[in-house]
Amino acid sequence: MPQNASLRSPWFAPPAARAWRCAPAPAEVRRFHASLPGYAPTPLTELPPLAAELGIGRVFVKDESRRLGLPAFKALGASWAVHRVLAERDDDGPVTLVTATDGNHGRAVARTARLLGQRARVLVPRGVHPRAVAAVAAEGAEVTEVPGSYDEAVRRAAEAASAPAAVLVQDTAWPGYERVPGWIVEGYSTLSAEIDEQLAAAGIDGPDLVSVPVGVGSLAQSVVTHHRSRRSGNPPALVAVEPEAAACVLASLTRGAPVSVATGETTMAGLNCGTPSSIAWPFLRDGLDAAVAVRDADSARAAADLAALGVRSGPCGAAALAGLRALLGGEDGAGHRAALGLGPASVAVLLSTEGPDANPYAEP
Ligand SMILES: Cc1ncc(COP(=O)(O)O)c(C=O)c1O
């Protein structure tokens, strides 16, 4: 299917893209998470009414509304990256972990710092709900509100991390800052590993499609890495979903080169990012099968429908369903279904990356 010119239209990779392969994440990550107090795999819940609606065989939702004591998946990345950062330091003195956040990542870094007896400094851009800001501060972090976008908050965090005994733990990369975000991406691999085990327990070899909410694309990079490093099985279609107000990955894929977009306002606060992560970009370009942008109203409806089926999703988490609906519904649905290789027996997994408690915009 040709690339679409309009940024509001979905993007599709050529079908050959699914043959692309990369190296896997280290197996040690899974063992590290399993050793953490309070670790348990998050639920993978089957929702037959969604399969019927979407015209596929089975739909499962990976429910990250309770992960390591927080209401989003982000602690997987922060815990592993901070573990690696501290392991590499020569000096045992206290350290300040610095980061910018739309809410969830900063809270996870602040929680990790507190558990390890370290300090955290978190910079928060405009538009993050005051209760989400308060939740970061409640973890004991020093919080600074930045009167600008997420990208601006990231720039300020990088500056703040030049202070003595400070380390930047950012979940996005740029040229010259790649190691720590690489560890964060590795940390997310536990989520996909759990899904494999949970599907196997249900007698399923692997998904045929995974729908991923995308901000800077680090989570999507991890999902691409997981599925494109497997040598066996049918490679699934991997779909990125962004808010219309911040569709930097869709814009980049459509243009064939990474671009920044001016971000607007969206209830999907964790996805409100204007620049793809530099280390994610090659994985997104070569490993994704489709990208789509959704409106706040679509994600709100998806969250309400998921809630009615017993799964608690915040606006970012519900974007995974909203995006799949946007692709498979409507008059182009049959063509999109064919482009993604889906049929009546296909298995889809939606990553519901946060619960409503993570993002107060979820509340009416
Ligand atoms: C709840 C939630 N879902 C998805 C994402 C997207 O992750 P990434 O920025 O790695 O694309 C984020 C990022 O903060 C998030 O908080």
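Residues numbered from 1 in each chain as written. Predicted model: local features only at pLDDT ≥ 70, side-chain atom pairs only at ≥ 80, totals over all residues.

As named in an unreviewed UniProt entry, the chain is Diaminopropionate ammonia-lyase, taken from Nonomuraea bangladeshensis. Here the chain is described in UniProt, under the heading Cofactor (unreviewed entry), as follows: "pyridoxal 5'-phosphate". (UniProt positions renumbered as here; feature names shortened; annotations may be inferred.)

(A) Summary view of the sheet that holds strand E3 (residues 58-63). The sheet built from 7 strands is open, its strands ordered E1-E10-E9-E8-E11-E3-E2 with mixed pairing. The two strands at the open ends of the sheet, each matched to only one other strand, are strand E1 (11-12) and strand E2 (44-46). Summarising the sheet, E1 and strand E10 (residues 290-294) pair through 2 bridges and their orientation is antiparallel. Note that in E10 the partner of phenylalanine 12 across the bridge is alanine 290. (Pairing = 2+ DSSP bridges. Helix = DSSP H or I, 4+ residues; strand = E, 2+ residues; numbered from the N terminus.)

(B) Layout of the nonpolar core. One finds Val212 and Val239 to be the most contacted residues of the largest nonpolar core, which totals 116 residues. Element by element, the count of residues in this core is highest for helix H12 (residues 315-328), at 10 residues. Composition of this core by domain shows at least three residues from each of domain 1 (11-72 + 181-362) and domain 2 (75-177). Non-local contacts of valine 212, meaning those with residues more than four positions away in its chain, are made with Leu219, Ala220, Val223, Leu238, Val239, Ala240, Val241, Ala320 and Leu351. (Core = buried A, V, L, I, M, F, W, Y, C linked by C-beta atoms within 7 Å. Buried ≥ 20, exposed ≤ 12 C-beta atoms within 10 Å, placed from the backbone. Domains from an automatic or database assignment. Contact = placed C-beta atoms within 7 Å.)

(C) Inspection of the sheet that holds strand E6 (residues 142-145) at higher detail. A sheet is described by the order of its strands in space; here 4 strands give the open sequence E6-E5-E4-E7, paired in parallel fashion. Bordering the open sheet on either side are E6 and strand E7 (166-168), each of which pairs with just one other strand. Across the sheet, the axes of successive neighbouring strands diverge by a mean angle of 20°, strand direction being ignored. As paired strands, strand E5 (residues 119-124) and E6 are joined by 4 bridges and run parallel to one another. Bridging across to E6, valine 122 finds its partner in valine 143. Strand contacts of helix H4 (residues 104-115): strand E4 (96-100) and E5, with the helix running at about 170° to E5, the strand carrying the most contacts. (Axes fitted to C-alpha atoms, helices over the stretch in contact; angles between N-to-C directions.)

(D) Seen up close, the confidence of the model for the chain. On average, residues of the chain carry a pLDDT of 94, and 98% of them reach 70 or more. For the stretch residues 1-7, pLDDT sits under 50, and the model shows 12 contacts to residues farther than four places along the chain or on other chains. (pLDDT = per-residue confidence, 0-100.)

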